[in-house]
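Notes for the structure review
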Amino acid sequence: PRKTRDPSAPPADRVRQLTEIGDWLGSPTSKRYQPTAEATYCNVYAADYCYLASAYLPRVWWTNSALVKIAQGITVPVLYGDTVREMRADDLFAWLCDMGPMFGWTRVFDASALQKAANGGGLGVICADRRTPGRSGHITVVVPEVDGHTATRDVDGNVVQPLQSQAGARNFRYGSAGPSWWLSDDFIDRGFFIHQ
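In this report, the structure presented in the accompanying data block is examined. (Residues numbered from 1 in each chain as written. Predicted model: local features only at pLDDT ≥ 70, side-chain atom pairs only at ≥ 80, totals over all residues. Heavy atoms only, no water.)

Attention shifts here to the state of the cysteines. A full pass over the atoms with the stated rule returns zero disulfides. In this model Cys 42 remains outside any disulfide bridge; the closest cysteine sulfur is found in Cys 127, 7.7 Å from its own. Taking relative accessible area as the criterion, Cys 42 reaches 3% and is therefore assigned buried. Sulfur of Cys 97: no disulfide; nearest cysteine sulfur belongs to Cys 127 and is 8.1 Å away. (Disulfide = S-S within 2.5 Å. Buried < 20%, exposed > 50% of the residue type's maximum accessible area, 1.4 Å probe, protein only.)

The next subject is the sheet that holds strand β5 (residues 138–142). If you walk across this open sheet you meet the six strands as β3-β10-β4-β5-β8-β9, and the pairing is antiparallel. In the strand order of this sheet, the two ends are held by β3 (105–108) and β9 (172–175), each with one partner. Between one strand and the next, the sheet's axes are offset by a mean angle of 30°, whatever the strand orientation. Relative to strand β10 (residues 187–195), β3 is paired through four bridges, and the arrangement is antiparallel. Residue Val 108 lies in a different strand from β10, and its bridge partner there is Phe 192. (Pairing = 2+ DSSP bridges. Helix = DSSP H or I, 4+ residues; strand = E, 2+ residues; numbered from the N terminus. Axes fitted to C-alpha atoms, helices over the stretch in contact; angles between N-to-C directions.)

What follows covers the packing of aromatic side chains. Within the structure shown, the criterion is met by twelve aromatic pairs. Each ring, one from Tyr 56 and one from Trp 61, has its centre 6.3 Å from the other, and the planes form 50°; the classification is tilted. For Tyr 56, a relative accessible area of 36% translates into the label partly exposed. Among the residues examined, Trp 61 registers a relative accessible area of 10% and is labelled buried. Counting every residue linked through ring pairs, the aromatic cluster contains Tyr 56, Trp 61, Trp 95 and Phe 103. (Phe/Tyr/Trp six-rings, centres within 6.5 Å; stacked < 30°, edge-to-face > 60°.)

Pairing analysis gives two bridges linking strand β8 (residues 164–166) to β9, with the strands arranged antiparallel. Opposite Gln 164, over in β9, you have Gly 175 as the bridge partner. Hairpin remark: β8 followed by β9, antiparallel, with five residues in the connecting loop.

A few words now on helix α5 (residues 111–119). It helps to recall that an α-helix has 3.6 residues per turn; residues three or four apart then point in one direction. For α5, the set of buried residues is Ala 111, Ser 112, Leu 114, Gln 115, Ala 117 and Ala 118. Sitting at the head of α5, Asp 110 places a side-chain oxygen 3.2 Å from the backbone nitrogen of Ser 112. Two residues or fewer past α5, Gly 121 is found with a positive phi of approximately 95°. (Polar contact = N/O pair within 3.5 Å; in protein donor to acceptor, adjacent residues only side chain to side chain.)

What follows covers the environment of Ile 139. By the secondary structure assignment, Ile 139 is in strand β5. Between the C-alpha atom of Ile 139 and that of Ser 165, which follows or precedes it by 26 residues, the distance is 9.6 Å. Residues in contact with Ile 139, not counting those within four places in the same chain, are Cys 42, Asn 43, Ala 46, Leu 57, Ala 89, Leu 92, Val 125, Ile 126, Cys 127 and Trp 181. (Contact = heavy atoms within 4.5 Å.)

According to the stated counting rule, one finds nine salt bridges in the structure shown. Salt-bridge contacts for Arg 59 lead to Glu 86; the nearest nitrogen and oxygen are separated by 3.2 Å. Here Arg 59, found in the loop between α2 (42–52) and β1 (60–62), pairs with Glu 86, found in strand β2 (residues 84–86); they are 27 residues apart in sequence, far enough to count as distant. With its nearest N and O atoms 2.7 Å apart, the salt bridge here joins Glu 145 to Arg 153. Residue Arg 153 is classed as partly exposed on the basis of its relative accessible area of 36%. (Salt bridge = Lys/Arg side-chain N within 4 Å of Asp/Glu carboxyl O.)

Next comes the structure, spelled out in structure tokens:
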């Protein structure tokens, strides 16, 4: 059966539920997330994970012209490629900054706070906007630390590399896309976001 998270459950239960969601989605082996020569699916994996964890991260979102009509009180039909579009990772970065707060997302600027949220049964994502136009950015899910899988900390105990799960060019259940991958010159902007 499908795994989900109950946001009203005690923290230890939410952590267990988040771990079960990641295990159930199985990014390393699931056909849904396997990269192709043309595409990777970090955005799909992050949206699936958040959906099962009862937090909204869009797979598709309204186009700007549709949003203007909606703001004017006009009913807009859902028409793929016309009124809604797929959300790539760089689109998700902009959405998390602009629309995310209305859907319970908060931007944080500290990797320790990001990992603490995940360890407490909340959600965390790291999202970056690619510098090169037309190339997708990247998004990873920050997951709770469990036996044998921990974040990387400095000598003072501050998180420098949150524990992540992803689909992308390389899919993994626990790990990182590279040391502080979000700081790469490949990205023009980046952010840490949490959802309790």
